[in-house]
Amino acid sequence: MRLTTRTNLALRTLMFCAVNQDRLVRKQDAAQAINASENHLAQVINKLGQDGFITTLRGRHGGFHLARDPSCISVGEVFRAFESGLPFMECFSTSNTCPLKDHCVMRPHLSRAIESFYSALDDLYLAELVHCNAGLEAILSVEGPRIPRRCAPVQPDASMGTPLIAPELVG
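Presented here is a report on the structure given in the accompanying data block. In this text, all values refer to a predicted model and were calculated from it rather than measured experimentally.

Quick notes on the rules
Note that residues are indexed from 1 along each chain, following the sequence as it is written. Since the coordinates come from a predicted model, pLDDT governs what is reported: local features require at least 70, and pairs of side-chain atoms require 80 or more to be given and counted, while whole-chain, interface and lining totals use all residues. To obtain the side-chain values, all non-hydrogen atoms of the structure were used and water was disregarded. Using a grid of 1 Å spacing that covers the protein atoms alone, one calls a set of points a cavity when a 1.4 Å probe fits there but cannot get out, and a pocket when the set is open and has protein on both sides within 12 Å along at least five of seven lines; lining residues are those with an atom within 4 Å of a point. Grid points are joined across faces, edges and corners, and a volume is the space filled by probe spheres set on the points. Here a helix means four or more residues in a row that DSSP labels H or I, a strand means two or more in a row labelled E, and each is numbered from the N terminus. Between N-to-C directions, angles cover 0 to 180 degrees, with each direction set by a line fitted to C-alpha atoms, over the stretch in contact for helices. Rotating anticlockwise by less than a right angle from the far helix to the near helix defines a left-handed crossing, while the corresponding clockwise rotation defines a right-handed one. We call two residues in contact whenever any of their non-hydrogen atoms come within 4.5 Å of each other. Following the grouping adopted for this structure description, the nonpolar residues are Ala, Val, Leu, Ile, Met, Phe, Trp, Tyr, Cys and Pro, the charged ones are Asp, Glu, Lys and Arg, and the polar ones are all others, Gly among them. Strand pairing is assigned whenever DSSP identifies at least 2 bridges connecting the two strands.

**A short note on the layout of surface pockets**
Picture a little ball the size of a water molecule; that probe, rolled over the atoms, points out where space is still empty. In this structure, the second largest pocket encloses a volume near 320 Å³. Lining the second largest pocket are 13 residues, and of these Lys-27, Ile-45, Thr-56, Gly-63 and Phe-64 lie nearest its centre. Among the elements that line the lining of the second largest pocket, the one with the most residues is helix α3 (residues 38-50), at four residues.

**Things to note about the packing of helix α1 (residues 5-19) against helix α4 (residues 75-83)**
Viewed as axis vectors pointing N to C, α1 and α4 meet at an angle of 140°, and their least axial separation amounts to 9 Å. Like other packed secondary-structure pairs, α1 and α4 cross with a definite hand, here right-handed. Residues Arg-6, Thr-7, Ala-10, Leu-11 and Leu-14 of α1 form the contact with α4, whose own contacting residues are Val-75, Val-78, Phe-79, Phe-82 and Glu-83. Among the residues making up the contact of α1 with α4, the classes are represented as seven nonpolar, one polar and two charged.

**Here's the deal with the pairing of strand β1 (residues 54-57)**
The pairing of β1 with strand β2 (residues 63-66) spans four bridges and is classified as antiparallel. When the sheet's bridge partners are listed, Leu-57 is paired in β2 with Gly-63. Here β1 folds back onto β2 in antiparallel fashion, the turn holding five residues, of which Gly-59 has a positive phi close to 110°.

What follows is the structure in structure tokens.
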């Protein structure tokens, strides 16, 4: 089995985002860090955004960042998003012209093998690829604007009827 370049770039892009998790990153920086053309990477970024892996911000000060925590992004999920629409072999294609198609029993075995491949990656998460990986961090880290933390809504104190400071903002 061979993965497409788009899948390879998608995983590299997500790793780049995970290393720079608190930053809004730019396509140019990602392309340079992961050795990809900006045009090809733009297609990958678009699909990652459509599939909910990243959040994109357009404009002069735009960029992108992870839409979910890296511990919630399965490598199997990423690979399926980029690979599952592509037929593994001609017999998986809607335009199958193989003369053996009506009598060949190989297809169900290949289907199981492909699903086993994806399933083996379902338990591997983006966080595991980047956590405590100083070498990867050295290659992929960039400087840039930090993403502002979102504040949780203020919870009212029931006994006093006054708002309290959100717990995560207390030092």
